[in-house]
Amino acid sequence: MQRRDFIGSLVAGASVAGWSTSSAAAAPSAAAGNDRAWMAGLLQKMADPVLSNMARGELRKNFALEVSPTWDKRDTRVAYLECFGRLIAGMAPWLALPDDATSEGKVRARLRQQALQSYVHAVDPDSPDYLAWRGHGQALVDSAYFTNALMRAPKALWEPLDATTKKRIVAEIKGLRRIEPPYINWLLFAAMNEAWLLSIGEESDPLRTNIAIRKVNEWYVGDGWIKDGESFHFDYYSSFVMYPMLLEILDVLERHDAPFWNGKPAELRAQALQRTQRYCEHLERFISPQGTFPPIGRSLTYRSAAFQPLALLAWRKQLPKSLPEGQVRAALQAVHKALWTDPGNFTRDGYLTIGFAGHQPELGDWYSNNGSMYIASASFLALGLPADDAYWTSPAQDWTQKKAFAGHKFPKDYPVNY
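Since the model is a prediction, treat every value here as computed from it, not as a measurement.

Definitions and limits used
By convention here, each chain's residues receive numbers from 1 onward along its written sequence. Where totals are concerned, whole chains, interfaces and linings use all residues; where local detail is concerned, this predicted model gives features only for residues with pLDDT of at least 70, and gives and counts side-chain atom pairs only at 80 or more. Excluded from the side-chain calculations are hydrogens and water; all other atoms, namely the structure's heavy atoms, are used. Here, a salt bridge means any Lys or Arg side-chain nitrogen found within 4 Å of an Asp or Glu carboxyl oxygen. Residue exposure (1.4 Å probe, protein chains only): buried if accessible area is under 20% of the type maximum, exposed if over 50%, otherwise partly exposed. Strands here are runs of E lasting at least two residues and helices are runs of H or I lasting at least four, both read from the DSSP assignment and numbered beginning at the N terminus. Whether two residues touch is decided by their heavy atoms; if any such pair falls within 4.5 Å, the residues are in contact. To estimate the expected span of a helix, subtract one from its residue number and multiply by 1.5 Å. Any N or O atom pair separated by 3.5 Å or less is treated as a polar contact, with the protein-specific requirement of one donor-capable and one acceptor-capable atom, and with residues adjacent in sequence counted only for side-chain atom pairs. Buriedness for pockets is judged along seven lines, at least five of which must meet protein on both sides within 12 Å for an open set on the 1 Å grid over protein atoms alone, while cavities are sets there where a 1.4 Å probe fits but cannot get out, and lining residues have an atom within 4 Å of a point. Grid points are joined across faces, edges and corners, and a volume is the space filled by probe spheres set on the points.

A.B. asks: What is the right way to look at the pattern of salt bridges in this model?
C.D. replies: A side chain of one charge can pair with a side chain of the opposite charge if their charged atoms are brought near each other. Using the criterion set out here, one finds 31 salt bridges in the structure. Of the charged contacts in the structure, one is a salt bridge between Asp 398 and Lys 402, with a shortest N-O distance of 3.9 Å. By relative accessible area, which is 29% here, Asp 398 ends up partly exposed. Classification of Lys 402 by relative accessible area gives partly exposed; the value is 33%.

Structure follows, in C-alpha cells:
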C-alpha cells in the first residue's frame with residue numbers, strides 16, 4: 001500500500017458520528033477537517049492492539065517484537081514495559097475525560113477499562129503479562145512513564161484500581177530504588193517515581209527529586225535548550241524527557257510544599273515553564289510548510305514524541321502568547337500526517353514498527369525495540385482537552401514556516417536570557 005492509499009483509507013474510515021468501538025477500528029475521517037477525530041482515531045489505532053491484548057494477559061504472547069539491528073542483547077522482556085508504560089503516559093489525559101454518549105466517548109471508556117485491567121496484569125506475578133520490574137535497569141526508565149500516567153490521570157487510572165494492585169505498584173516502584181541512575185536524563189526517571197509516590201501520600205525520597213532538578217538546571221545552556229549530561233547533543237531529548245518530566249515533577253513538589261534545598265519549587269516551576277515555552281517556540285519553527293521537521297539526533301524513531309512539549313503545554317493551557325492554539329493545532333496536525341500516513345509505521349497486526357516515517361529498522365539505536373516507539377503517544381496529550389475547548393474549535397492558522405515560505409508576515413526570532 002502506498003502512502004497516498006493509506007491516508008485515503010484513513011479518510012474513508014469511520015465518520016465522526018460513526019466511530020467503531022471495536023478493537024480493529026480505523027482512524028476517523030479527516031475529510032471534514034475534524035482534526036480531533038483524526039487524532040483520536042490515530043491514537044485508538046495505536047492503542048487497540050496493546051491494550052486489548054494486555055487486558056487479557058496476552059500482550060507478551062501476541063506482541064510482534066522487533067529489535068534494532070544494533071540491539072545490545074539485553075533481555076527483550078523490557079519491551080513490554082516500554083510498550084505499555086510509554087503508551088499509557090500519552091493516553092492518560094484523554095482517558096481521564098468524563099464519560100459521554102458520543103462515539104468517541106464509548107471508545108475512550110472501553111480503552112480506559114482495558115488500561116485498568118492492564119495495570120492489574122502489569123504487577124501480578126502470576127500473570128503472563130507481569131512486567132520486567134526486577135531485571136535490567138531499563139525498568140527504571142519506563143517505570144517513570146508508567147507512574148507519569150497515574151500522575152496525569154489519578155482519578156481515571158489510579159483511584160479505581162483495587163487495593164492489592166495499588167499495593168503491588170507501590171512496592172515495584174519503590175523496589176526500583178536499587179537502580180542507581182547515571183547522571184543523564186535518567187535522573188528524572190528516578191525523580192518522577194518519587195514525585196508520584198509523594199502525590200499519593202507515600203513515603204518518597206527527596207534526594208532523588210532534588211538532585212535531578214538541580215542537575216537539569218545546571219545543564220541548561222540557554223535560549224530554551226538543555227544538555228543531557230555534561231555534553232550538548234543536538235537532539236529531541238528536551239522533548240522526550242527533560243522539560244515534560246521537570247515540569248510535572250515540580251508541579252507535585254509545589255503542590256505538596258515539598259522540601260527543596262535553598263530553593264522554592266514554585267519559583268523553579270515558573271522558571272521551567274518559561275524555558276519550556278521558549279523551547280516550544282523553536283519546535284514550532286522546525287515544522288516545514290509540509291509538516292516535516294529535521295530528522296536529527298538519537299532516538300529519532302520516537303517519531304512525533306519530538307513535539308511532546310507543544311502537546312503538553314496545549315493540554316495545560318500554557319502555550320506562550322506567541323503560539324496561538326489554532327496555529328499549534330494546525331502545525332501538529334501537519335506533523336502527524338507527514339509521519340503517520342505511511343502504512344509501514346504499523347505491522348500487519350497493528351503494532352508499531354521501528355522507523356521514522358515508515359518502517360526503517362536501520363534507524364534504530366542499540367537500545368531500540370518497537371516497544372520503545374510507543375513514546376510517540378506523548379504527542380497526543382492535547383486530546384485531554386474536551387472537544388469543545390478552544391484548542392479544537394479555534395480556526396486553523398498557518399504556522400511560522402508556512403507563513404514565511406508563502407511570503408507572508410511572520411515574527412522574527414531573538415534569543416532570551418532566562
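A.B. asks: Would you take a moment to explain the environment of Phe 232 for this structure?
C.D. replies: On the secondary structure map, Phe 232 appears in the loop between strand S2 (225-226) and helix H11 (237-255). Of the residues examined, Phe 232 reaches a relative accessible area of 41% and is grouped as partly exposed. Spatially, the C-alpha atoms of Phe 232 and Trp 219 are 8.7 Å apart, while their sequence positions differ by 13 residues. If sequence neighbours within four positions are ignored, Phe 232 has contacts with Val 221, Trp 225, Ile 226 and Lys 227.

A.B. asks: Explain the side chain of Lys 215 to me, please; I cannot follow it from the model alone.
C.D. replies: In this structure, Lys 215 sits in helix H10 (residues 206-218). With residues near it in sequence (within four places) discarded, Lys 215 still touches Tyr 183, Leu 187 and Glu 230.

A.B. asks: When you look at H10 in this model, what are you seeing that I'm missing?
C.D. replies: Each full turn of the α-helix corresponds to 3.6 residues, which orients residues three or four apart in the same direction. For H10, with 13 residues, the first-to-last C-alpha span of 18 Å sits near the 18 Å given by 1.5 Å per residue. Taken together, the buried positions of H10 are Arg 208, Thr 209, Asn 210, Ala 212, Ile 213, Lys 215 and Val 216. Where H10 is buried, its residues meet helix H9 (186-199), strand S1 (220-222), S2, H11 and helix H12 (265-286). Two to three positions downstream of the cap, the backbone nitrogen of Leu 207 sits 3.0 Å from a side-chain oxygen, assigning the N-cap of H10 to Asp 205.

A.B. asks: I keep staring at empty space enclosed by the protein and nothing clicks. Help me out?
C.D. replies: If a probe the size of a water molecule is rolled over the atoms, the empty space left behind becomes visible. Counted under the stated rule, the structure contains 5 cavities of 30 Å³ or more. Those elements that place two or more of their residues in the lining of the largest cavity are S2 and H11. Ranked by residues supplied to the lining of the largest cavity, first place goes to H11 with 3 residues.

Just geometry here; none of it tells us what the structure is for.
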